[in-house]
Amino acid sequence: MKIAILGGGNMGGAFAKGISKQLEKCEVVVSDKNSAKLNELKKRTNIKTVSNNVEAIKGANVVILAVKPQDFEPFLAELKGKIPAHAIIISIAAGVKIKTIEKGISHRCVARIMPNLLALIDESMSAWIAPNLNPKQKEVVKNILKSVGEEIEMKNEDDINKVTAMSGSGPAYVWYFMENMIKAGVKLGLKEEVARKLTSQTFAGASEMSLLSAETEKELRLRVTSKKGTTEKAIKTLEKGKFGKLIENAIKNAYNRAKELG
Ligand SMILES: NC(=O)c1ccc[n+]([C@@H]2O[C@H](COP(=O)([O-])OP(=O)(O)OC[C@H]3O[C@@H](n4cnc5c(N)ncnc54)[C@H](OP(=O)(O)O)[C@@H]3O)[C@@H](O)[C@H]2O)c1
């Protein structure tokens, strides 16, 4: 199976590496108009690269669209009528609707996906929707997403905007919390590298336990919150500052922005 990835930046590069590593029978070719990005990819991998999108899509079974949404209009116009009729199109672009892509390239088999930056380390949470794909084609999309992490199929296209606000932007929320936790540790007098290690291992362990445990996050939290203890003091401070409401508003605003961009 030939998979053409158009746009070899963060996401295109991550998918190229994940697919080449996990899906042995696939031939991957990456095309990008930016030769520096292609050179970077060539330096670290032996993935085939070309500087021409039309050349990349020749004979492709799957075409992954991995350029920025703002570059989409001329990009789709360049591809119109040139993609093989049997090919599955997978768009990573935030906010670009399936209808826009179908119309832009005159093609029906379009899947829209929302991965996150953790695809770079094969730990992406990717959601996808593909209303016009048959079960066999959906399986192809699933396998590609599994090569860079976990996947989940959504039922409505608007769900993709919700996913964008949750797991799409989510790594940044986690890093923002971590960044401030490290700053607080340094203010207490810890060395930065120590504060960083304490913080990152705590996040890694808490995430792992969330994934493995049958208990809810609230139940897990209450397990480490002893009456009149240190954790209770910290949580009460967060509650006084309406931390939960702030998170709710942040995610709602991200969702509204995703809808505006779409
Ligand atoms: N990064 C994330 O966390 C994330 C998460 C979810 C979804 N996404 C989506 O993933 C897509 C790619 O994002 P990214 O972060 O990987 O962007 P990126 O690193 O900027 O990569 C995009 C690449 O496409 C190239 N390009 C632009 N127009 C092109 C064209 N017509 N033909 C071929 N290549 C072209 C760009 O070149 P230039 O640099 O010269 O413009 C760049 O090398 C976006 O649509 C974004 O919405 C990103």
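Worth saying up front: this structure is predicted, and the values here are computed from it rather than measured.

**As for the packing of helix α4 (residues 72–79) against helix α5 (residues 98–105)**
When two helices pack together, their arrangement is given by the angle between the helix axes and by the axis-to-axis distance.
Consideration 1: Relative orientation of the contacting elements α4 and α5 amounts to 45°, with a least axis distance of 7 Å. By the angle between their directions, the pair α4 and α5 is classed as oblique. Between α4 and α5, the contacting residues are F72, L76 and L79 on the first element and T100, I101, G104 and I105 on the second.
Consideration 2: When its residues are assigned to classes, the contact of α4 with α5 shows 5 nonpolar, 2 polar and no charged.

**Section: the site of the ligand**
Consideration 1: Taken together, 21 residues surround the ligand, and among them M11, D32, N53, V67 and A94 come closest.
Consideration 2: Contact between the ligand and N34: an oxygen atom at 3.2 Å from a side-chain N or O atom of the residue.
Consideration 3: Between a nitrogen atom of the ligand and a side-chain N or O atom of N53, the distance comes to 3.0 Å.
Consideration 4: In isolation the ligand exposes 900 Å². Once the protein is present, 83% of that is buried.
Consideration 5: At a threshold of 2 Å from the grid points, most atoms of the ligand map onto the second largest pocket.
Consideration 6: The residue inventory of the shell around the ligand, partitioned by class, reads 11 nonpolar, 5 polar and 5 charged.

**A word on the pairing of strand β8 (residues 149–153)**
Consideration 1: Judged from the 5 bridges that link them, strand β7 (residues 124–129) and β8 form a sheet pairing that is parallel. Opposite S124, over in β8, you have G149 as the bridge partner.
Consideration 2: Regarding the hand of the β-α-β motif, the stretch spanning β7, helix α6 (residues 135–146) and β8 is right-handed.

**Quick notes on the domain arrangement of the protein chain**
Accessible area lost upon the coming together of the parts is a frequently used measure of interface size.
Consideration 1: One can read the domain layout of the protein chain as domain 1 (2–154) and domain 2 (170–261).
Consideration 2: The straight-line distance from the C-alpha centre of domain 1 to that of domain 2 is 33 Å.

**Here we look at the side chain of E102**
Consideration 1: You can see E102 is positioned in helix α5.
Consideration 2: Setting aside chain neighbours within four positions, we find E102 in contact with H107, R108, V110 and N132.

**Description of the layout of surface pockets**
Consideration 1: In this model, the second largest pocket occupies a volume close to 1200 Å³.
Consideration 2: M11, A66, V67, K68 and P69 are the residues nearest the centre of the second largest pocket, which is lined by 45 residues in total.
Consideration 3: Ranked by residue count, the leading element in the lining of the second largest pocket is helix α1 (residues 10–22), at 6 residues.
Consideration 4: Here the residues of the lining of the second largest pocket sort into 19 nonpolar, 16 polar and 10 charged.
Consideration 5: Taken domain by domain, the lining of the second largest pocket gets at least three of its residues from each of domain 1 (2–154) and domain 2 (170–261).

The rules behind the values
- Residues numbered from 1 in each chain as written.
- Predicted model: local features only at pLDDT ≥ 70, side-chain atom pairs only at ≥ 80, totals over all residues.
- Heavy atoms only, no water.
- Axes fitted to C-alpha atoms, helices over the stretch in contact; angles between N-to-C directions.
- Helix = DSSP H or I, 4+ residues; strand = E, 2+ residues; numbered from the N terminus.
- Parallel < 35°, antiparallel > 145°, perpendicular 65-115°, else oblique.
- Contact = heavy atoms within 4.5 Å.
- Nonpolar A, V, L, I, M, F, W, Y, C, P; charged D, E, K, R; others polar.
- Near = heavy atom within 4 Å.
- Polar contact = N/O pair within 3.5 Å; in protein donor to acceptor, adjacent residues only side chain to side chain.
- Areas by Shrake-Rupley, 256 points an atom, 1.4 Å probe, with all protein chains shown as cover.
- 1 Å grid on protein atoms, 1.4 Å probe; cavity = no way out; pocket = protein on both sides within 12 Å on 5 of 7 lines; lining within 4 Å.
- Sits in = over half its atoms within 2 Å of the grid points.
- Pairing = 2+ DSSP bridges.
- Right-handed = clockwise from strand over helix to strand, strands pointing away.
- Domains from an automatic or database assignment.
- Points joined across faces, edges and corners; volume = space filled by probe spheres on them.

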